[in-house]
Number of protein chains: 2
Amino acid sequence: MSTPNTATESVVDATRQLSEDVTRPLPGSRKIWVTGSRPDIRVGMREVEQSPTQTSSGLQANPPLPVYDTSGPYTDPEAEIDLTRGLHALRDGWILERDDTEELADLTSEYGRARRDDPELASLRFAHIRTPRRARAGRNVSQMHYARQGIVTPEMEYIAIREDARLAEMRADPRYADILKRHPGHGFGANLPEEVTPEFVRDEVAAGRAIIPANINHPELEPMIIGRNFRTKVNTNIGNSAVTSSVAEEVEKMAWSARWGGDTLMDLSTGKNIHETREWILRNAPMPIGTVPIYQALEKVDGKPEDLTWELFRDTLIEQAEQGVDYFTIHAGVLLRYVPMTAERVTGIVSRGGSILAKWCLAHHQENFLYTHFREICEIMAAYDVSFSLGDGLRPGSIADANDPAQFAELQTLGELTKIAWEYDVQTMIEGPGHVPLHMVKENVDKELADCFEAPFYTLGPLVTDIAPGYDHITSGIGAANIGWYGTAMLCYVTPKEHLGLPDKQDVRDGIITYKISAHASDLAKGHPGAQLRDNALSKSRFEFRWEDQFNLGLDPEKAREFHDATLPKEGHKVAHFCSMCGPNFCSMKITQDVREYAEAQGIDANEALKQGMEEKAVEFREMGAEIYREQ
Amino acid sequence: MSTPNTATESVVDATRQLSEDVTRPLPGSRKIWVTGSRPDIRVGMREVEQSPTQTSSGLQANPPLPVYDTSGPYTDPEAEIDLTRGLHALRDGWILERDDTEELADLTSEYGRARRDDPELASLRFAHIRTPRRARAGRNVSQMHYARQGIVTPEMEYIAIREDARLAEMRADPRYADILKRHPGHGFGANLPEEVTPEFVRDEVAAGRAIIPANINHPELEPMIIGRNFRTKVNTNIGNSAVTSSVAEEVEKMAWSARWGGDTLMDLSTGKNIHETREWILRNAPMPIGTVPIYQALEKVDGKPEDLTWELFRDTLIEQAEQGVDYFTIHAGVLLRYVPMTAERVTGIVSRGGSILAKWCLAHHQENFLYTHFREICEIMAAYDVSFSLGDGLRPGSIADANDPAQFAELQTLGELTKIAWEYDVQTMIEGPGHVPLHMVKENVDKELADCFEAPFYTLGPLVTDIAPGYDHITSGIGAANIGWYGTAMLCYVTPKEHLGLPDKQDVRDGIITYKISAHASDLAKGHPGAQLRDNALSKSRFEFRWEDQFNLGLDPEKAREFHDATLPKEGHKVAHFCSMCGPNFCSMKITQDVREYAEAQGIDANEALKQGMEEKAVEFREMGAEIYREQ
């Protein structure tokens, strides 16, 4: 197993390895590692360097700002990336030491074995496939199970450190004092702790209010948590389709997603070689990977929903669970009796999974087999710690269809299924809409929290209008910021190509940054204790004309620099006290700054002087005015 | 005056006339004209054609959809555009027949005369400058004045027709029945009538809840209204700066803004030849034009705020009023005593006008001259019907500074000034922030409505986070959708280049479309009676795979088509029942459609069949399944 298979290498060559696009460090940043209670808990973060503030009395240092980082090893210049070997399995030791799993003698899935043994697939196959693990008989290996036993796992401690992002240290460090100021939030009942402890993580997972998607067969992932009392997360979707795209492009998109801040990633491939594509992605993914197993099941029956069977679906679940998929979208709430409720809709059923199952139900006139076999599914999930993402197969696909009886009937069923999943200690989140006008968004969160017992909500958008194809990252980013504020734990991104075509890399970047904005806006509004730090640091740098810092503290430093340099490309302009928008004489920040600096230079406490309103100070200002104003 | 001045032509040549970019009609659309109670009230709208729905029983026509249109004559192939002559003065007759104005013998502004008489400016100057009009002595020519006298002006009738956008006709026409369905809104006290009548317009203007910016010296404009009981409007900003841009580019940007949906436009030029640039823009602008007169006043004193005087400012106001500027941003609420309240802020004063006046106040240790001369300003505004946009000079420039005492102190002063303006029947709107986290947005609207007696609110964004330079159209579009929903009447757009540089044409388009989304999302949420029609029509076309209609009903048909064609360029794909996102077998809309169509083909009422849940129908579905599913 030590020499890469040459056929595999040719696949990797075809990907041109990973491009510099996805591996170069973010500007002005370095990767840091925070160690926990044991040396193998090392949490990666990014630290943004800042340049000093120029004051009349000299330079005043600005401390580096640690930020939550999803990029894994990809932006670490120290890391050696070898796609053919996959990432370091950081959770291997943790899983082994729990001593509740066993290495299987062979793949359990018939289909998995057939793919492995098909010589025609050799050139496509990831070479270093590991032997899968499974819970020992009678054991349950879900993080929820441990949490309910009172066990704080290394994953939970990792997450506590990660979520905190050094906030506790910054609070104790006077250099951060001026950027720690924050508004109280309004969280609609969210319970955001001032400090995230491992015990808090455990408690939230035990209560079902948060999940840690972490399949024991995906030891490479960096643990993360989805729950409304933590940072709002962003899911990205990639995947090939029958029309376009290839394995190579999908792996590159995964790393690209990690770079820009995707917290989890769904592989929604519906084209060829889904099994092999997924293996490449999983072995190289630092984030949890989700799938919709019904897509692959449908491929196996040549796209005929009516030919789907429980047995075939079950084999698909196990096939994917043994590869390491961390969460499955399961459309078990699309009940036969709900299907007719969609007949009068403007856009019927728009969930792909939902429509497949609706068609199956109608064709057989039987209840959805995912619903009737739900307990068996729970047993499989618990054996690998795969989390549920209970799919909203009847979500509205247009403003007209928002919050209708079909949608809310399904939501109630998802609540019933949540309770069953929890009997098996299976971690569960609930998917949500869709297309919803702004004033009807909150009802979705309120109903979800009530009907599904505060299981984390995971929503697609919602799009707040249907009339902007080509800009649906924005129509949905608006809804996402609001639904996140109201209590959604994870936002599923939408790209500008939504409704129009398969997104390319630029679309993925636009979609992720939009959703990072929405998630951060939610965190600020809820009053997440660490959220406003970055806004404060960036605004301070903006006010002080530290252009490089303003770029680097932003969500997309490369875009900010590119936009700035479009009109003022010279390096000297990076310290200029203006930009091309207003020019040197009309920059209000410069004017305000001038007033303060003048006061400082003259030994005047500007604030005090102004409050006292002393005429002589006014004269000084006036005399100084002309020179400082034109100094550029 | 009939032969164009050759010098002028050279300026126009330099603009390459207007590009095809800004003049070609929007795809699938035609300009229509709706005539009011008299033949000279002809309201331009756009009508989007739709292709028929294919049903098993043949083609079923879809009616054209009328939409509110801001593009004026620029997208009308019948219109002859001659930039050197300007647009047709559609309001000339209305202004004359009121018989309360007089043509002046000469320009009143000293500066205006000097510019006119400077031979060096000949090559820059618009040739056909009209002689300005002013209210006769003792008369007041504001729309608010007429409204309060009980007079319904032609402008008000024009607006009623325009706002209604044929909704009354569509309600009476059975072809529109299936797209008239709508959700009740939640308007936070807004009073949106089912039909906008001229009398309703008059009443809202009389009450000060809405304004019609319409200077008697800008007879070319197509009347529009700004008020929370009407469609939410979008303002766009253009303008040169000392660093870049030219007259030519600004005129092109104005037409570009009209094309994409800008309802009003502010010329924020701060560079050279502000006077001449403005004349070119005004004579060719179908929308109201606003300015910030202090910018030009500052240019006149070489950028030294302390050298500004009331006399010089007054001359600037009159200069611009006689050119036809429709609304002035006046920062009369930046009081001396408020300036110290900004000293502890993270980003001080970020309004350009605010910082200029703050500096003046400090330098002279005197009260803001715009405040002390406010009644004289009102007299000037009333004589030309210029509307106030009372500037928020102390708006927050960062999340940290949101909703602080400085901001709200100024807002109270703006309320006091609103009352004074209304004594003079001067139409008034109030500017708002800025940077505000989501949960603190509503307080801004509530306070504005209370403190300023429901005068229309006109807000910049607000940006809901500071951390995304390069994407501030999105950070602010999120805030804009929310603040519009809560009751803001007009949203001032922000482009992706905000904080980084001067926007180019692409940035302007991105900014406008983002804000059209926010405004429309607000209208849907408030429950505007005509808003959901377009969503319904577009979603129906999407569901029926009428790709061309989906593109054309959207806010940016060209972008939607471009995105679609990036992966499926062939014309045949415009009728395909899938796109590249999911491919032919995974399109959920196609599956749902198939189910319904099959039922129809078999003479089954799908809804009834499903409700009855008859097994034999299920068999038919099952047998049919395989073929229809693979038919593409």
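Remember, it's a predicted structure, so these values are computed and weren't measured experimentally.

## Considerations on the overall build of chain A
- Scanning chain A from N- to C-terminus turns up 25 helices and 17 strands.
- For chain A, buried positions account for 70% of its 632 residues.
- As displayed, chain A offers around 19700 Å² of accessible surface, 49% of which is attributable to carbon and sulfur atoms.

## Regarding the sheet that holds strand β1 (residues 29–35) of chain A
All names here are of chain A.
- Taking strand neighbours across the sheet as the criterion, the three strands line up as β1-β2-β5 in an open arrangement whose pairing is antiparallel. Of all strands in the sheet, those with a lone pairing partner are β1 and β5 (65–67), marking the two edges. On average, adjacent strands in this sheet sit at an angle of 40° to one another, irrespective of strand direction.
- Summarising the sheet, strand β2 (residues 42–48) and β5 pair through three bridges and their orientation is antiparallel. Across the sheet, glutamate 47 pairs through a bridge with proline 66, a residue of β5.

## Here we look at the pattern of salt bridges
- Evaluated as defined, the whole model comprises 97 salt bridges over all chains.
- The shortest N-O distance in the salt bridge between B:Asp425 and B:Arg148 comes to 2.7 Å. Within this pair, whereas B:Asp425 is found in the loop between α16 (405–423) and β15 (428–432), its partner B:Arg148 is found in helix α5 (residues 143–148), the two being separated by 277 residues in sequence.
- The exposure class assigned to B:Asp425 is buried, which follows from its relative accessible area of 10%.
- Between B:Asp404 and B:Arg345 there is a salt bridge, with the nearest N and O atoms lying 2.7 Å from each other. Placement of B:Asp404 in the loop between β14 (387–390) and α16 and of B:Arg345 in the loop between β13 (327–330) and α13 (352–364) is noted, with a sequence separation of 59 residues between them. For the residue pair B:Asp404 and B:Arg345, the accessibility class agrees, reading buried in each case.
- A single network of salt bridges, built from pairs that share partners, joins A:Asp21, A:Arg24, A:Glu252, A:Arg259, A:Lys505 and A:Glu558.

## Focus: the side chain of A:Glu448
Residue and element names in this part refer to chain A.
- Within the fold, glutamate 448 resides in helix α17 (residues 441–451).
- This buried residue, glutamate 448, is left without a salt bridge; arginine 228 holds the nearest opposite charge, at 7.3 Å.
- Contacts of glutamate 448, omitting those with residues within four sequence positions, involve Leu411, Ile430, Phe453, Glu454, Ala455, Pro456 and Phe457.

## Some remarks on the sheet that holds strand β14 (residues 387–390) of chain A
Residues and elements named next belong to chain A.
- Ordered in space as β10-β11-β12-β13-β14-β15-β16-β17, the eight strands form a closed barrel in which the pairing is parallel. Across the sheet, the axes of successive neighbouring strands diverge by a mean angle of 25°, strand direction being ignored.
- Both strand β13 (residues 327–330) and β14 contribute to a ladder of four bridges, which runs parallel. The residue of β14 that forms the bridge with threonine 329 is serine 389.

## Considerations on the environment of B:Leu502
- Position of B:Leu502 among the secondary structure elements: in the loop between β17 (490–492) and α19 (505–526).
- Between the alpha carbons of B:Leu502 and B:Ala409 there is a distance of 31 Å; along the sequence they are 93 residues apart.

## Here we look at the packing of helix α9 (residues 247–260) of chain A against helix α19 (residues 505–526) of chain A
Residues and elements named next belong to chain A.
- One can describe the packing of α9 onto α19 by two numbers: an axis separation of 10 Å at closest approach and a directional angle of 30°. Considered as vectors, α9 and α19 are oriented roughly parallel to each other. When the axes of α9 and α19 are compared, the crossing they make is right-handed. Contacts between α9 and α19 involve Glu252, Lys253, Trp256, Ser257 and Trp260 on the former and, on the latter, Lys505, Val508, Arg509, Ile512, Ile513 and Lys516.
- Taken together, the residues that form the contact of α9 with α19 break down as five nonpolar, one polar and five charged.

## Regarding unusual backbone geometry
- That bond from B:Pro433 to B:Gly434 is cis: its omega, 10°, falls within 30 degrees of zero.
- B:Pro462 follows B:Gly461 through a cis peptide bond whose omega is 5°.
- Among the structural elements, B:Pro462 can be located in the loop between β16 (457–460) and α18 (472–486).
- Of note in this structure, A:Asp302 is not a glycine but carries a positive phi near 55°.
- On the secondary structure map, A:Asp302 appears in the loop between α11 (293–300) and α12 (310–323).

## Here's the deal with the UniProt feature "domain: ThiC-associated" (unreviewed entry) in chain A
- Per the UniProt record, "domain: ThiC-associated" (unreviewed entry) is annotated on residues 25–102 of chain A.
- The annotated region residues 25–102 of chain A carries 9% helix and 32% strand content, and the separation between its end C-alpha atoms amounts to 38 Å.

## Concerning the environment of B:Val350
- Tracing the sequence through the fold places B:Val350 in the loop between β13 and α13.
- Placed 137 residues apart in sequence, B:Val350 and B:Gly487 show a C-alpha to C-alpha distance of 24 Å.

## Some remarks on the state of the cysteines
- The final tally for this structure, using the stated rule, is zero disulfides over all chains.
- Sulfur of A:Cys378: no disulfide; nearest cysteine sulfur belongs to A:Cys452 and is 14 Å away.
- On the accessibility criterion, A:Cys378 (0% relative accessible area) is buried.
- Left without a disulfide partner, B:Cys361 is nearest to the cysteine sulfur of B:Cys378, which lies 18 Å away.
- Judged by its relative accessible area of 0%, B:Cys361 falls in the buried class.

## Concerning the pairing of strand β1 (residues 29–35) of chain B
All names here are of chain B.
- Relative to strand β2 (residues 42–48), β1 runs antiparallel, the two sharing seven bridges. Paired with serine 29 across the two strands is valine 48, which belongs to β2.
- Joining the antiparallel neighbours β1 and β2 is a turn of six residues.

## Some words on the packing of helix α12 (residues 310–323) of chain B against helix α15 (residues 374–384) of chain B
All names here are of chain B.
- Where α12 meets α15, the axes come as close as 10 Å, and the angle between the chain directions of the two elements is 15°. Looking at the two axes, α12 sits roughly parallel to α15. Judged by the twist between their axes, the crossing of α12 over α15 is right-handed. Each of Trp310, Phe313, Arg314, Leu317, Ile318, Ala321 and Glu322 in α12 lies in contact with α15, whose residues at this interface are Glu376, Ile377, Ile380 and Tyr384.

## A short note on the side chain of B:Asn552
- Here B:Asn552 lies in helix α21 (residues 547–553).
- Since its relative accessible area comes to 6%, B:Asn552 is described here as buried.

Cut-offs used in this document
- Residues numbered from 1 in each chain as written.
- Chains lettered and ligands numbered in written order.
- Predicted model: local features only at pLDDT ≥ 70, side-chain atom pairs only at ≥ 80, totals over all residues.
- Heavy atoms only, no water.
- Helix = DSSP H or I, 4+ residues; strand = E, 2+ residues; numbered from the N terminus.
- Buried < 20%, exposed > 50% of the residue type's maximum accessible area, 1.4 Å probe, protein only.
- Areas by Shrake-Rupley, 256 points an atom, 1.4 Å probe, with all protein chains shown as cover.
- Pairing = 2+ DSSP bridges.
- Axes fitted to C-alpha atoms, helices over the stretch in contact; angles between N-to-C directions.
- Salt bridge = Lys/Arg side-chain N within 4 Å of Asp/Glu carboxyl O.
- Lys, Arg positive; Asp, Glu negative; His and termini not counted.
- Contact = heavy atoms within 4.5 Å.
- Parallel < 35°, antiparallel > 145°, perpendicular 65-115°, else oblique.
- Left-handed = near helix turned anticlockwise from the far one by under 90°.
- Nonpolar A, V, L, I, M, F, W, Y, C, P; charged D, E, K, R; others polar.
- UniProt positions renumbered as here; feature names shortened; annotations may be inferred.
- Disulfide = S-S within 2.5 Å.

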